[in-house]
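# Coordinate analysis (summary)
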Amino acid sequence: MPNIISLQSSGKPSAKSVLLGTEGPAAAAAAAGPSVPSNTLFAEGLPEDCNEMILGMLFQQYNGYQEVRMVPGKTGIAFVDFETEVQAGIALQGLNGFKLTPTDTMRLSYRR
């Protein structure tokens, strides 16, 4: 069955399209791909001057924190390693959406 979004006369998605996952936050999450738990987090939306020390200070408050790895030649992204998937998940819940500056909000996901 194709994913067809039906709009009500008001121009808003119908309850059926939302329930089927063809509209709304669930559809956006599905479009981003599956989020399979991992002991490594992917951080993006970081300011240009962000470094291992700054991120390390944020993540070291979570049990199991191991290290931050910036990506050479790429600004605004990093990987953060934890001992277990559970520990990484707790850090993801706690710091996803954290505002590093007034204009830079860190987005976290599991490594793909």
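Summary of the structure given here. (Residues numbered from 1 in each chain as written. Predicted model: local features only at pLDDT ≥ 70, side-chain atom pairs only at ≥ 80, totals over all residues. Heavy atoms only, no water.)

Let's shift gears to the pairing of strand 4 (residues 107-110). Of the two faces of strand 4, the one holding L108 and Y110 is buried and the one holding R107 and S109 is not buried anywhere. Note: strand 1 (residues 40-44) against strand 4, 4 bridges, orientation antiparallel. Looking at strand 4, one finds that F42 is bridged to S109. (Buried < 20%, exposed > 50% of the residue type's maximum accessible area, 1.4 Å probe, protein only. Helix = DSSP H or I, 4+ residues; strand = E, 2+ residues; numbered from the N terminus. Pairing = 2+ DSSP bridges.)

Time to look at the environment of I54. Examined against the element boundaries, I54 turns out to sit in helix 3 (residues 52-59). Once the C-alpha coordinates of I54 and L100 are considered, the two residues, 46 residues apart in sequence, prove to be 9.5 Å apart.

A few words on helix 3. Restricting attention to buried positions, one finds in helix 3 the residues L55, G56, L58 and F59. Seen along its axis, helix 3 keeps its buried residues to an arc of 160°; they face one direction. Summarising the geometry of helix 3, the exposed residues directed more than 90 degrees from the buried face are M53 and M57. The inward-facing, buried residues of helix 3 abut strand 1, strand 2 (65-70), strand 3 (77-82), helix 4 (85-95) and strand 4. Its side-chain oxygen 3.0 Å from the backbone nitrogen of M53, N51 forms the N-cap of helix 3. (Arc of directions from axis to C-beta. Contact = heavy atoms within 4.5 Å. Polar contact = N/O pair within 3.5 Å; in protein donor to acceptor, adjacent residues only side chain to side chain.)

Within the structure shown, the criterion is met by 3 aromatic pairs. Here F59 and F82 contribute two aromatic rings whose centre-to-centre distance is 6.2 Å and whose plane-to-plane angle is 70°, an arrangement assigned as edge-to-face. Taken together, the residues F59 in helix 3 and F82 in strand 3 connect sequence positions 23 residues apart. For the pair shown, F59 and F82 are each scored as buried. Look at Y65 and F82: their rings are 6.1 Å apart centre to centre, the planes differ by 70°, and that puts the pair in the edge-to-face class. One end of the pair, Y65, is in strand 2; the other, F82, is in strand 3, and 17 residues separate them in sequence. Residue class for Y65 comes out partly exposed when judged on its relative accessible area of 23%. (Phe/Tyr/Trp six-rings, centres within 6.5 Å; stacked < 30°, edge-to-face > 60°.)

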